[in-house]
Amino acid sequence: MDALTASMALLRLEGIGPARYWQLLEHFGCPLQALQQLPNTLLSKLPARARSQWYEFTRLQAQSALISWVEEERARCVENGIHLMCYGDTDYPVLLSETSRPPPVLYLRGRTENLCLPQIAIVGARRATSAGLDNARAFAAELATAGFAITSGLALGVDAAAHLGALYGGGATIAVLGSGVDRIYPRHNQRLAGDILERGGTILSELPLGSSAEAKNFPRRNRIISGLSMGVLLVEAALRSGSLITARLALEQNREVFAIPGSIHNPMAQGCHHLIRQGATLVETSGDIASQLGGLLSEPVSAEKNREVLEGCQQIIVDALAGGPRSIEQLAMDSGEGSGELMGLLLQLELEGLLEELPSGYQLTARGSACCRLAEKDLT
């Protein structure tokens, strides 16, 4: 039995999470020995179902239900193109392996090579302001162009904007989930998850297939986001924000922490200001981060450059949204495009940071509005 099978079997036992897993490894030295010799003091603390599973394993070994589940889980991963890696494997992320009690097993969709890239985590509020979303996209695009992979949690708001910015910058992005890699959460970002994989990105989780998103999973997800990264950038956050947990974990893991300042009247800036008072580095440009962590920045993407690449129906869509949000049906009438072509155009404009999706349609971002103003200026 290999280390991956033993590790997955141990973690399958209810009541044995990463903390107890590492206590066992510190005592026994390897996951197989730990699985075969669970101490009575620990067994007495486990739920009855876990004790029953383990006693059956000691009798039946490879024919037990516990090992059968592991074999079936590994087969499901192979069938669905999901890569499994165990702590100690040569492809296990180096920085993450150096954290205290890292995830014993990782499930991965997409490119494993991205985990070898220098990573910067970009996190922030789900209900970020338009300026905050613009900052997340712009910083991510510029840092991705400089050679950094952008790591975040695929949540609404800043996380999604950071992933989009990285894609627009032509770089790699890594989405860490608080659910199984086959259960994209939130569902609103399923299309974004597909785009990440299609464009050479990575989706990652420590949770088994089929795991749903539960509140207890997100602190575990956050420690992976910070553990993978050289530094964490907080874009916007209220004082009581889950993003601050990621920043605090980063400090505990001896990572660099950066924060973008904002207006004293913006409650979404209070978390950033709090971190800056606690010693986080105040940043105003992506160059501030790159110069501290290393990397060469290319010229940042400007609104003028965005305007220059708009052609035909792209410009029609932007112009149509200048008057306010519009539904997909309205945009189809404006552009005269079919549904497939229209969705492709909307995705491209979203990747360029010019518009954002709403529950009822689309609206321009601040950058998109700036493009419209520049175009009007050129016509006068």
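Residues numbered from 1 in each chain as written. Predicted model: local features only at pLDDT ≥ 70, side-chain atom pairs only at ≥ 80, totals over all residues. Heavy atoms only, no water.

## What about the overall build of the chain?
Then comes step 1: The helix and strand inventory of the chain stands at 19 helices and 11 strands.
Then comes step 2: Structurally, the chain occupies a C-alpha span of about 85 × 50 × 35 Å along its principal axes.
Then comes step 3: Across the 380 residues that make up the chain, the buried fraction comes to 52%.
Then comes step 4: By sequence separation, contacts in the chain at least 24 residues apart represent 70% of the contacts at least 6 residues apart.
Then comes step 5: Of the roughly 17,000 Å² of accessible surface on the chain, a fraction of 50% belongs to carbon and sulfur atoms. (Helix = DSSP H or I, 4+ residues; strand = E, 2+ residues; numbered from the N terminus. Buried < 20%, exposed > 50% of the residue type's maximum accessible area, 1.4 Å probe, protein only. Contact = heavy atoms within 4.5 Å. Areas by Shrake-Rupley, 256 points an atom, 1.4 Å probe, with all protein chains shown as cover.)

## Re the packing of aromatic side chains
Then comes step 1: Evaluation of the coordinates by the stated rule reveals five aromatic pairs.
Then comes step 2: Geometrically, the ring pair formed by Tyr 21 and Trp 22 is edge-to-face, given 5.4 Å between the ring centres and 85 degrees between the ring planes. Taken individually, Tyr 21 and Trp 22 each receive the classification buried, so the pair is uniform in this respect.
Then comes step 3: Ring centres of Tyr 185 and Phe 218 lie 6.1 Å apart, and the angle between their planes is 50 degrees; on these two criteria the pair is classed as tilted. With a gap of 33 residues between them, Tyr 185 in the loop between β5 (173–176) and α10 (190–198) and Phe 218 in helix α11 (residues 217–228) connect regions that are remote in the sequence.
Then comes step 4: The exposure class assigned to Tyr 185 is partly exposed, which follows from its relative accessible area of 44%. (Phe/Tyr/Trp six-rings, centres within 6.5 Å; stacked < 30°, edge-to-face > 60°.)

## Section: the side chain of Ser 152
Then comes step 1: Along the polypeptide, Ser 152 turns up in strand β4 (residues 149–152).
Then comes step 2: For Ser 152, a relative accessible area of 0% gives the class buried.
Then comes step 3: A distance of 3.1 Å separates a polar atom in the side chain of Ser 152 from a polar atom in the side chain of Asp 159.
Then comes step 4: When residues no more than four places from it in sequence are discounted, the contact partners of Ser 152 are Ile 122, Val 123, Asp 159, His 163, Ile 174, Ala 175, Val 176 and Ile 225. (Polar contact = N/O pair within 3.5 Å; in protein donor to acceptor, adjacent residues only side chain to side chain.)

## Digging into the state of the cysteines
Then comes step 1: Per the counting criterion, the structure on display carries zero disulfides.
Then comes step 2: Here Cys 77 is not cross-linked by a disulfide; its sulfur's nearest cysteine counterpart is in Cys 86, at 13 Å.
Then comes step 3: Here Cys 77 falls in the buried class, since its relative accessible area comes to 1%.
Then comes step 4: Of the cysteine sulfurs around Cys 116, a residue in no disulfide, the closest is that of Cys 86, at 17 Å.
Then comes step 5: Judged by its relative accessible area of 68%, Cys 116 falls in the exposed class. (Disulfide = S-S within 2.5 Å.)

## Brief notes about the pattern of salt bridges
Then comes step 1: Applying the stated criterion across every chain, the model contains nine salt bridges.
Then comes step 2: The salt bridge involving Arg 74 is made with Asp 2; its shortest N-O contact spans 3.1 Å. With Arg 74 in helix α6 (residues 65–79) and Asp 2 in the segment before α1 (3–12), this pair connects stretches of sequence that are 72 residues apart.
Then comes step 3: Among the residues examined, Arg 74 registers a relative accessible area of 26% and is labelled partly exposed. (Salt bridge = Lys/Arg side-chain N within 4 Å of Asp/Glu carboxyl O.)

## Here we look at the sheet that holds strand β2 (residues 105–110)
Then comes step 1: Spatially, β1-β2-β6-β5-β4-β3-β7-β8-β9 is the arrangement adopted by the nine strands of the open sheet, whose pairing is mixed. Edge positions in the sheet fall to β1 (83–86) and β9 (281–282), since each has one partner strand and no second.
Then comes step 2: Summarising the sheet, strand β7 (residues 231–234) and strand β8 (residues 256–259) pair through four bridges and their orientation is parallel. Within β8, the position partnered with Leu 233 by the bridge is Phe 258.
Then comes step 3: Of the strands in this sheet, β3 (119–123), β7 and β8 are in contact with helix α12 (residues 242–252), which crosses β7 at around 150 degrees. (Pairing = 2+ DSSP bridges. Axes fitted to C-alpha atoms, helices over the stretch in contact; angles between N-to-C directions.)

## Observations concerning the packing of α11 against α12
Then comes step 1: In contact at an axis separation of 9 Å, α11 and α12 are set at 50 degrees when each is read in the N-to-C sense. The orientation of α11 relative to α12 falls into the category oblique. Helix-helix and strand crossings are classified by hand; for α11 and α12 the assignment is right-handed. For the pair α11 and α12, contact is made by Pro 219, Asn 222, Arg 223, Ile 225 and Ser 226 and by Gly 242, Ile 245, Thr 246, Leu 249 and Ala 250, respectively.
Then comes step 2: Residue classes in the contact of α11 with α12 are distributed as five nonpolar, four polar and one charged. (Parallel < 35°, antiparallel > 145°, perpendicular 65-115°, else oblique. Left-handed = near helix turned anticlockwise from the far one by under 90°. Nonpolar A, V, L, I, M, F, W, Y, C, P; charged D, E, K, R; others polar.)

Spatial relationships are all this shows, so hold off on functional conclusions.
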